[in-house]
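Fold and geometry: a report
Chain by chain, the residues run as shown.
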Amino acid sequence: MLKCSKLTTSSFTKLLLKFSPALMLIIITAPAIVWLSLTSELTDSCVVFWNITESERWYVIFYFILNSSTQQFVNWCMPCASAAFYICFCIETSRIARKLEENMRCKEKDSGQIRRHYRMLVNLVLKLDSTLSSSILLCLTRCFMEFFRALTLYFQYSKDVQEIRYIVSAVFYSFESGILYSAVILLADRLQGNCDELRKTLLRHSDSNNKNNTCKAVKMYYHLFEDKEDFKLTAWKMFRLKKKVLFTTITSLLSYGVIIHQLHN
């Protein structure tokens, strides 16, 4: 499919499709290896950085980011690895869908060939959803909990200067979680949108190979209409990954923040 769609120029696509299990293993184990290597030499590394910069402020920032980032990824490397693979998959699959749509509109390829590639693409995405939807739910739930934890700690320790480190750490974790949370939802939404645009393009263009076979043409269009309901990326079938999930999350956090603020006052 990649060769016929002229997508073989992307080395990352071939790497993702051919070595996806190895990439998952690397993403899972790499943070732990980095953390183990840094725990024994973290202070020495920061001392070296201190000698280079000769700035106490940069020394504190470097130590905090290095320590917090590695510890965060080690604490939940499996959900993070699943989300990272999910993001990469969505990016590359969206690119394939856009390329197929361009080929269909420009009529660079045979419509029957593009329809076969589209069917392969749909099956691939549905398999992704059935395989990683539970891991994505775990990842999004963990990110959501980080948001609530940051709000709770802020109102709990905002008046205590000595405990400000808890707030800083929670905000940093929430920032990382927010990036991951938004990336998963937005890229999944974009993939669904690109595939839906490709489906509509296929509906607007008739298949020249099936002009004389009415039964086969009707069956093909039936599957295209059916894809509108079946083609969904979800978090363990509990909710669909669309942009409105971000809006719901923001409103929930605002409501929770207002309630916590009133309780502490």
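The structure under discussion appears in the preceding block.
Residues numbered from 1 in each chain as written. Predicted model: local features only at pLDDT ≥ 70, side-chain atom pairs only at ≥ 80, totals over all residues. Heavy atoms only, no water.

Comments concerning the pattern of salt bridges
Selection criterion: A pair is scored as a salt bridge if a Lys or Arg side-chain nitrogen falls within 4 Å of a carboxyl oxygen belonging to Asp or Glu. Only DSSP runs of H or I reaching four residues or more are called helices, and only runs of E reaching two or more are called strands; each is numbered from the N terminus. Between buried and exposed lies partly exposed: a residue is buried under 20% and exposed over 50% of the maximum accessible area for its type, with that area taken using a 1.4 Å probe on protein chains only.
Scanning all chains against the criterion turns up nine salt bridges. When the shortest N-O distance is used, the salt bridge between arginine 119 and aspartate 227 registers 2.9 Å. Of this pair, arginine 119 sits in helix α6 (residues 111-157) while aspartate 227 is found in helix α8 (residues 214-230), placing the two residues 108 residues apart along the sequence. Take arginine 119: its relative accessible area is 26%, and that puts it in the partly exposed class. Take aspartate 227: its relative accessible area is 7%, and that puts it in the buried class. Note that aspartate 196 and arginine 199 form a salt bridge whose closest N and O atoms lie 3.0 Å from each other. With aspartate 196 and arginine 199 both in helix α7 (residues 164-204) and three residues apart, this pair spans about one turn of that helix.

Quick word on the packing of aromatic side chains
Which entries qualify depends on this criterion: Note on ring pairs: Phe, Tyr and Trp rings are taken, using the six-membered ring of Trp, and paired if centres are within 6.5 Å. Classes follow the plane angle, with under 30 degrees stacked, over 60 edge-to-face and the rest tilted.
In this structure the tally under the stated criterion is six aromatic pairs. A ring pair is formed by phenylalanine 85 and phenylalanine 89, whose centres lie 6.3 Å apart and whose planes are at 40 degrees; its orientation type is tilted. Here phenylalanine 85 and its partner phenylalanine 89 are both found in helix α5 (residues 77-106), four residues apart, which amounts to about one turn of the helix. Taken together, a centroid distance of 5.6 Å and an interplanar angle of 80 degrees make the contact between phenylalanine 147 and tyrosine 181 edge-to-face. Of the two residues, phenylalanine 147 sits in helix α6 while tyrosine 181 sits in helix α7, which places them 34 residues apart along the sequence. Summarising the burial analysis for this pair, phenylalanine 147 and tyrosine 181 share the class buried. An aromatic cluster of at least three residues, connected via ring pairs, comprises Phe144, Phe148 and Tyr256.

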